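Coordinate inspection notes
The lines below spell out each chain.
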Amino acid sequence: MMQLKPWYQLDGKVFRFKFGTENSEASRQAAQTCKQFSPDDEDEQIDDTLVSCYNCMNRRWLIDGVECIQFK
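Residues numbered from 1 in each chain as written. Predicted model: local features only at pLDDT ≥ 70, side-chain atom pairs only at ≥ 80, totals over all residues. Heavy atoms only, no water.

In this description, an aromatic ring pair is defined by two values, namely the gap between the centres and the angle between the planes. Under the defined criterion, the tally for this structure stands at five aromatic pairs. Here Phe 17 and Tyr 54 contribute two aromatic rings whose centre-to-centre distance is 5.8 Å and whose plane-to-plane angle is 80°, an arrangement assigned as edge-to-face. Linking Phe 17 in strand β2 (residues 14–17) with Tyr 54 in the loop between α1 (24–33) and β3 (59–62), this pair joins segments that are 37 residues apart in sequence. Phe 17 gets classed as buried once you look at its relative accessible area, which sits at 3%. Taken together, Tyr 8, Phe 15, Phe 17, Phe 19, Tyr 54 and Trp 61 form an aromatic cluster joined through their ring pairs. (Phe/Tyr/Trp six-rings, centres within 6.5 Å; stacked < 30°, edge-to-face > 60°. Helix = DSSP H or I, 4+ residues; strand = E, 2+ residues; numbered from the N terminus. Buried < 20%, exposed > 50% of the residue type's maximum accessible area, 1.4 Å probe, protein only.)

Rendered as structure tokens:
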């Protein structure tokens, strides 16, 4: 979890991505650092670059952002 602190913050019980749903560059940087990254099914991926939190199977979409469930 510590390696992702620049990109994620604990928000109650949710480990939330700090940059919302449309910052592909930050999502890619975080995923490159994360040892838990695992690509989701291709039909669930939204970023053209594979290694991105937006494409990770541990990612859950929230109404107003993205959550990483790996650190629950």
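There is more to say after this.
Looking now at the pattern of salt bridges. Under the definition given, this model contains four salt bridges. For Asp 64, the salt bridge is made with Arg 16, and the minimal N-O distance between the two is 2.9 Å. One end of the pair, Asp 64, is in the loop between β3 and β4 (65–68); the other, Arg 16, is in strand β2, with 48 residues separating them in the sequence. The exposed category is assigned to Asp 64, whose relative accessible area is 56%. A salt bridge links Asp 40 to Arg 59, with the shortest nitrogen-to-oxygen separation between them at 3.3 Å. Of this pair, Asp 40 sits in the loop between α1 and β3 while Arg 59 sits in strand β3; the two residues are 19 residues apart in sequence, bridging distant segments of the chain. According to the relative accessible area criterion, Asp 40 is buried, its value standing at 15%. Overall, Arg 59 belongs to the buried group, its relative accessible area being 5%. Salt bridges here are not isolated pairs; linked through shared partners, they connect Asp 11, Arg 16 and Asp 64. (Salt bridge = Lys/Arg side-chain N within 4 Å of Asp/Glu carboxyl O.)

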